[in-house]
Amino acid sequence: MLTPLGRLDKYAASENVFNRQMVARSLLDTLREVCDDERDCIAVLERISRLADDSEPTVRAELMEQVPHIALFCQENRPSIPYAFSKFLLPIVVRYLADQNNQVRKTSQAALLALLEQELIERFDVETKVCPVLIELTAPDSNDDVKTEAVAIMCKMAPMVGKDITERLILPRFCEMCCDCRMFHVRKVCAANFGDICSVVGQQATEEMLLPRFFQLCSDNVWGVRKACAECFMAVSCATCQEIRRTKLSALFINLISDPSRWVRQAAFQSLGPFISTFANPSSSGQYFKEESKSSEEMSVEDKNRIRDQEVPEDVQVRPEDIPSNLSVSNSSVKLENTMEDHAAEASGKPPGEISVPVDSSLLCTLSSESHQEAASNENKKPGNCKSTLRPEVDTSSQDSAFLDQELYNSFHFWRTPLPEIDLDIELEQNSGGKPSPEGPEEAAEGPVLSSPNITMATRKELEEMIENLEPHIDDPDVKAQVEVLSAALRASSLDAHEETISIEKRSDLQDELGINELPNCKISQDDSVPLISDTVENMDSTLHYIHNDSDLSNSSSFSPDEERRTKVQDVVPQALLDQYLSMTDPSRAQTVDTEIAKHCAYSLPGVALTLGRQNWHCLRETYETLASDMQWKVRRTLAFSIHELAVILGDQLTAADLVPIFNGFLKDLDEVRIGVLKHLHDFLKLLHIDKRREYLYQLQEFLVTDNSRNWRFRAELAEQLILLLELYSPRDVYDYLRPIALNLCADKVSSVRWISYKLVSEMVKKLHAATPPTFGVDLINELVENFGRCPKWSGRQAFVFVCQTVIEDDCLPMDQFAVHLMPHLLTLANDRVPNVRVLLAKTLRQTLLEKDYFLASASCHQEAVEQTIMALQMDRDSDVKYFASIHPASTKISEDAMSTASSTY
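Residues numbered from 1 in each chain as written. Predicted model: local features only at pLDDT ≥ 70, side-chain atom pairs only at ≥ 80, totals over all residues. Heavy atoms only, no water.

Asks: Would you mind showing me how to read the overall build of the protein chain here?
Replies: Of regular secondary structure, the protein chain possesses 51 helices and two strands. Taking all 906 residues of the protein chain together, the buried fraction comes to 53%. For the protein chain, the proportion of contacts with a sequence separation of at least 24, taken over those separated by at least 6, is 74%. Roughly 40,900 Å² of accessible area belongs to the protein chain as shown, and the carbon and sulfur atoms make up 51% of that amount. (Helix = DSSP H or I, 4+ residues; strand = E, 2+ residues; numbered from the N terminus. Buried < 20%, exposed > 50% of the residue type's maximum accessible area, 1.4 Å probe, protein only. Contact = heavy atoms within 4.5 Å. Areas by Shrake-Rupley, 256 points an atom, 1.4 Å probe, with all protein chains shown as cover.)

Asks: Can you help me understand the packing of helix α41 (residues 751-770) against helix α43 (residues 794-809) in this one?
Replies: Describing two packed helices takes the angle between their axes plus the distance from one axis to the other. One way to put it is that α41 packs onto α43 with a least axis distance of 9 Å and a crossing angle of 55 degrees. Comparing the axis directions of α41 and α43 gives the class oblique. Pair α41 / α43 crosses with right-handed handedness. Listed contacts from α43 to Trp 755, Tyr 758, Lys 759, Val 761 and Ser 762 of α41 are Ala 799, Phe 802, Val 803, Thr 806 and Val 807. (Axes fitted to C-alpha atoms, helices over the stretch in contact; angles between N-to-C directions. Parallel < 35°, antiparallel > 145°, perpendicular 65-115°, else oblique. Left-handed = near helix turned anticlockwise from the far one by under 90°.)

Asks: Could you clarify how one ought to interpret the packing of aromatic side chains in this entry?
Replies: Centre distance and the angle of the planes are the two values used to describe a pair of aromatic rings. For the coordinates displayed, the defined rule picks out 17 aromatic pairs. Pairing Phe 233 with Phe 275 gives two aromatic rings, centres 4.9 Å apart and planes at 80 degrees, and the pair type is edge-to-face. With Phe 233 in helix α15 (residues 233-238) and Phe 275 in helix α17 (residues 262-277), this residue pair connects regions lying 42 residues apart in the sequence. For the pair formed by Phe 233 and Phe 275, the shared burial category is buried. Relative to Tyr 696, the ring of Phe 663 has its centre 5.5 Å away and its plane inclined at 80 degrees; by these criteria the two rings are edge-to-face. Residue Phe 663 is located in helix α35 (residues 652-667), and its partner Tyr 696 is located in the loop between α38 (690-694) and α39 (712-725); the two are separated by 33 residues in the primary sequence. Every member of this aromatic cluster is reached through a ring pair, and the members are Phe 174, Phe 194, Phe 214, Phe 233, Phe 253, Phe 275 and Phe 279. For Arg 739, the ring lying beneath its charged end belongs to Tyr 735, and the centroid distance is 4.2 Å. (Phe/Tyr/Trp six-rings, centres within 6.5 Å; stacked < 30°, edge-to-face > 60°. Lys NZ or Arg CZ within 6 Å of the ring centre and 35° of its normal.)

Asks: What is the right way to read the pattern of salt bridges from this model?
Replies: When their charged atoms lie close together, side chains carrying opposite charge are able to pair. Counted according to the given criterion, the structure contains 33 salt bridges. Residue Glu 33 is joined to Arg 7 by a salt bridge in which the shortest nitrogen-to-oxygen separation is 3.5 Å. In this pair, Glu 33 sits in helix α3 (residues 27-33) while Arg 7 sits in helix α1 (residues 4-12), placing the two residues 26 residues apart along the sequence. With a shortest N-O distance of 3.7 Å, Arg 123 and Glu 127 are connected by a salt bridge. Remark: Glu 127 and Arg 123 occur in helix α8 (residues 123-137); sequence separation between them is four residues, near one turn of the helix. Using a relative accessible area of 42% as the deciding quantity, one classes Arg 123 as partly exposed. (Salt bridge = Lys/Arg side-chain N within 4 Å of Asp/Glu carboxyl O.)

Asks: When you look at the UniProt feature "repeat: HEAT" (unreviewed entry) in the protein chain in this model, what are you seeing that I'm missing?
Replies: In the numbering used here, UniProt assigns the "repeat: HEAT" (unreviewed entry) feature to residues 89-127 and 130-169. When the span residues 89-127 is considered, its composition is 74% helix and 0% strand, and the gap between its end C-alpha atoms is 16 Å. In residues 130-169, helix accounts for 82% and strand for 0%; the two terminal C-alpha atoms are 10 Å from one another. (UniProt positions renumbered as here; feature names shortened; annotations may be inferred.)

Asks: Got a minute to help me understand the confidence of the model for the protein chain in this structure?
Replies: Detailed reading of predicted coordinates is not advised where the pLDDT is low. On average, residues of the protein chain score 74 in pLDDT, and 66% of them are at 70 or above. Below a pLDDT of 50 lies the segment residues 890-906, which in the model reaches 22 contacts outside its immediate sequence neighbourhood of four places, other chains included. (pLDDT = per-residue confidence, 0-100.)

Asks: Would you take a moment to explain α35 for this structure?
Replies: Owing to its 3.6 residues per turn, the α-helix brings residues three or four apart onto one side. Under the 1.5 Å per step criterion, the end-to-end length of α35 is only 20 Å for 16 residues, more than 12% shorter than the ideal 22 Å. Of all the residues in α35, the buried ones are Asp 652, Leu 654, Thr 655, Asp 658, Leu 659, Val 660, Ile 662, Phe 663, Phe 666 and Leu 667. Those residues of α35 that are buried are in contact with α33 (618-628), α34 (633-650), α36 (671-679), α37 (681-685) and α38. (Expected span 1.5 Å × (residues − 1).)

Asks: Could you clarify how one ought to interpret helix α42 (residues 775-789) in this entry?
Replies: Here α42 contains 15 residues, and its C-alpha end-to-end distance of 20 Å stays within 8% of the 21 Å for a straight helix at 1.5 Å per residue. Taken residue by residue, α42 has Phe 776, Gly 777, Leu 780, Ile 781, Leu 784, Val 785, Phe 788 and Gly 789 as its buried positions. On its buried side, α42 packs onto α40 (731-746), α41, α43, α44 (815-821) and α45 (823-827).

Asks: In this structure, what is going on with the environment of Lys 692? I would like to understand it.
Replies: Positionally, Lys 692 belongs in helix α38. With a relative accessible area of 27%, Lys 692 lands in the partly exposed category.

Asks: I would appreciate a short explanation of unusual backbone geometry in the present structure.
Replies: Keep in mind that most residues, glycine aside, have a negative phi and that most peptide bonds are trans. Pro 773 follows Thr 772 through a cis peptide bond whose omega is -10 degrees. Along the chain, Pro 773 turns up in the loop between α41 and α42. The backbone phi angle of Asp 811 is positive, close to 55 degrees, even though this residue is not glycine. Mapping Asp 811 onto the fold places it in the loop between α43 and α44. A relative accessible area of 47% means that Asp 811 is categorised as partly exposed.

Asks: Help me understand the side chain of Arg 245 in this model?
Replies: Structurally, Arg 245 can be placed in helix α16 (residues 242-257). Among buried charged residues, Arg 245 stands out as having no salt bridge; its nearest opposite-charge side chain is Glu 207, 7.5 Å away. Polar side-chain contacts of Arg 245 include one of 2.9 Å to the backbone oxygen of Thr 278. Once residues within four sequence positions are removed from consideration, Arg 245 is found in contact with Ser 237, Cys 238, Thr 240, Ser 250, Phe 275, Thr 278 and Phe 279. (Lys, Arg positive; Asp, Glu negative; His and termini not counted. Polar contact = N/O pair within 3.5 Å; in protein donor to acceptor, adjacent residues only side chain to side chain.)

Asks: I'm lost on the nonpolar core in this one. Help?
Replies: Buried together is how nonpolar side chains tend to be arranged in soluble globular proteins. Formed by 168 residues in total, the largest nonpolar core has its most connected members in Phe 194, Tyr 581, Leu 685 and Phe 818. Discounting chain neighbours no more than four positions away, the residues touching Tyr 581 are Leu 272, Gly 273, Ile 276, Cys 601, Ser 604, Leu 605, Val 608 and Leu 620. Ranked by size, the runner-up nonpolar core spans 55 residues in total, among them Leu 8, Ala 24, Val 94 and Ala 111. (Core = buried A, V, L, I, M, F, W, Y, C linked by side-chain atoms within 4.5 Å.)

Asks: Honestly, the packing of α33 against α34 in this entry has me stumped. Any pointers?
Replies: Close contact between α33 and α34 brings their axes to 9 Å; oriented N to C, the two are set at 135 degrees. What the angle tells us is that α33 and α34 run oblique. Counted together, Tyr 624, Leu 627 and Ala 628 of α33 and Val 635, Arg 636, Leu 639, Ile 643 and Leu 646 of α34 form the full contact between these two elements. Class assignment for the residues of the contact of α33 with α34 results in seven nonpolar, no polar and one charged. (Nonpolar A, V, L, I, M, F, W, Y, C, P; charged D, E, K, R; others polar.)

Asks: What is the right way to read the environment of Ser 86 from this model?
Replies: Here Ser 86 is to be found in helix α6 (residues 84-96). Residues Ser 86 and Glu 122, spaced 36 residues apart in sequence, show a C-alpha to C-alpha distance of 8.1 Å. Ignoring anything within four residues of it in the chain, the contact list for Ser 86 reads Pro 91, Asp 125 and Lys 129. A distance of 3.0 Å separates polar atoms of two side chains, one belonging to Ser 86 and the other to Asp 125.

Asks: Quick question: what am I supposed to make of the state of the cysteines here?
Replies: Among covalent bonds in proteins, the disulfide is the one between the sulfur atoms of two cysteines. If you walk through the whole model with that rule in mind, you get zero disulfides. Free cysteine: Cys 35, not disulfide-bonded; nearest cysteine sulfur from Cys 41 at 6.1 Å. (Disulfide = S-S within 2.5 Å.)

Asks: What is the right way to read the environment of His 680 from this model?
Replies: In this structure, His 680 sits in the loop between α36 and α37. When the C-alpha atoms of His 680 and His 644 are compared, they prove to be 6.7 Å apart, with 36 residues separating the residues in sequence. Apart from residues lying up to four places away in sequence, His 680 is in contact with Phe 641, His 644 and Gln 721. Reaching out from His 680, the side chain makes a polar contact with the side chain of His 644 at a distance of 3.4 Å.

Laid out in structure tokens, this is it:
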């Protein structure tokens, strides 16, 4: 007989802990009972404040579990109890964050995140009540466990509170916590959530404040912290500019891949593919499939330049001091870069520490049709028109003309056939800033290119020392890879003038064979070429440029072995990253890093392929073929599920040449692999040429055979895909090849397969009947009548009714054609000896057929036949048949229940 408040007071004062727990659980119900009286609501909230001081942790934890629900109630009833949450509930949540009991703290943390996610906390309260408490809990003298949990809460709430609050209140303390020298748990939490903070605060704050801390965390002496950094590397990379990503993060990631801890290397390799994908250039990954559908010739040079200028700033300030000095792999190449920048700065009059480097993706080698024609007319006047972009101009035009030459660049004209066959000698690029004229190669070799041998001589001793230090650990595959890199750098630095002359003569001979006396306006940036070491390594410096085009380079298979190795070099991502990614298929990696490393490689391969572009597919082709033949079926399954996406990236020519053979192999693989191909069968086949597509008509029948006959989902997926494939094939092909499979699936033992097959057959009837002439449609209908309508088994006759029902519902046939071809055979089943068939017939006639306007508006002989059949079914001896034939389905609740269970019962 107590009032809600009296009952609350009675049990809240009880000495029984269970009673007080029940009070906490019933608070929301009590509020709902007294919600009409504002004073009673305030009284309940005041009692919540007293209950929060309970000495029993289980009572406090139970109360905190109810706080989000109570807060939502207060929000819904805000007019009657304004500021209730901010005044009574939020202080309890914040106070419990520092509770002595671990369960209470965890519950309050979950409640705080739930309240923030539902936007129940005002922005003012977040700034004045929540953030100050969290900052206080992360103070140096705070409890270790509380500090770790508070840092985690700050990181998790950052995306919910937004950029402004995060930058002003959370970011400074987060940076301090990243340098917590006493507790590695705090640093590990910071590292695990680093990517989320970067994505919230944006690029500027990330590069100015967070990146230095990230570098420290990546070199932490606790492997768990470094592993957390490797796991969030992609998110951090997405929050930085392309220059930072290429010059700093790439070298940092190489260190993580070479980490002494296996767990760090394992996490790094798992993040390698996603990290490479952050180098993708949106303008170069246009996803039109047919290459001829959008030719590069349709885009003018001005348009390309305008797009190019929008993507990347013309000049980016590159400071050598920003490059970390503790990098083991790319240390020598960084020094090479700095030395080159000093030379270039002296030539251009800029300080050696700061130099303006063009990073436009189109400035690696500028060649246009306009400049080609102009140079052809002035051939005798200008024997050599090739200049270094960073070398002082002695007897050439001003910088304005050089800028004009850059603006006339057209990647399509440069890469179109036969120009891709020109082998730009890397040794030549390393030792000369530009290609001399064929008439005087010796003069050019003795000219301003003498600075390059001086640079390589300065670093040879350092390379030799690094190799000697690493040789005792040559058994480690990572150390071995570093030694190979450094050895390649040493070989590149020891090139003599004789090799230079030979390479220049080869280049001249090649030009003579092609009928080209010179390469007009071929600007080779010295800063681009010097850090390239050997044929497989690329320094991660700021001057590496993008070369994006959509031309097909499938003819690379005709190259010699040396040239084939040379084609592994690309300019989209740092070469060292790609080399590490390609090494993930090495069997030794499975032993030293992760047994499933090949699966991670396969999982991220479409993203890497999209980043490199179809023009660099030759870099990944061998790796993809290795993965496709991997012994682990999980690896092949991963590729099978993504092969259709890769086909979109590569285009029709490369797909036909490289993916179709692998696709054919997957068709004959285990069911676990075949299901990946089958789920996207339509997506892949629609990308093929019609002739190649028709070849798979003969293999569709093989999908009916599985390793396990109980694998009915395989056949259900086949039926789903056949529905989509109908649009890809002609009516004759559909009738000859798809029809037998569809009819076979209609008689499947599993009802789920049959249900999808009925839809397939109805869509097939629709397509064949719409064809000209509709003879295939009539033949299919006759076969349905013969094989199912007159089937000796009742399940076949029931299937015929289901098909007719689907044809009516989906309007696959005009009603006049349905009345002629299918309805007479359908009505004859009213005398079927099996009640299940008659029940389904009654449902079909009453619920589906008579709903069509054709039978409602016209008083035809067909309508009369239907009405007579329904009257006969209403007098049927079976009660269910009689019920469905006499009662309209929408008139009673019982009929709705019967409809809902019809698929399983009948």
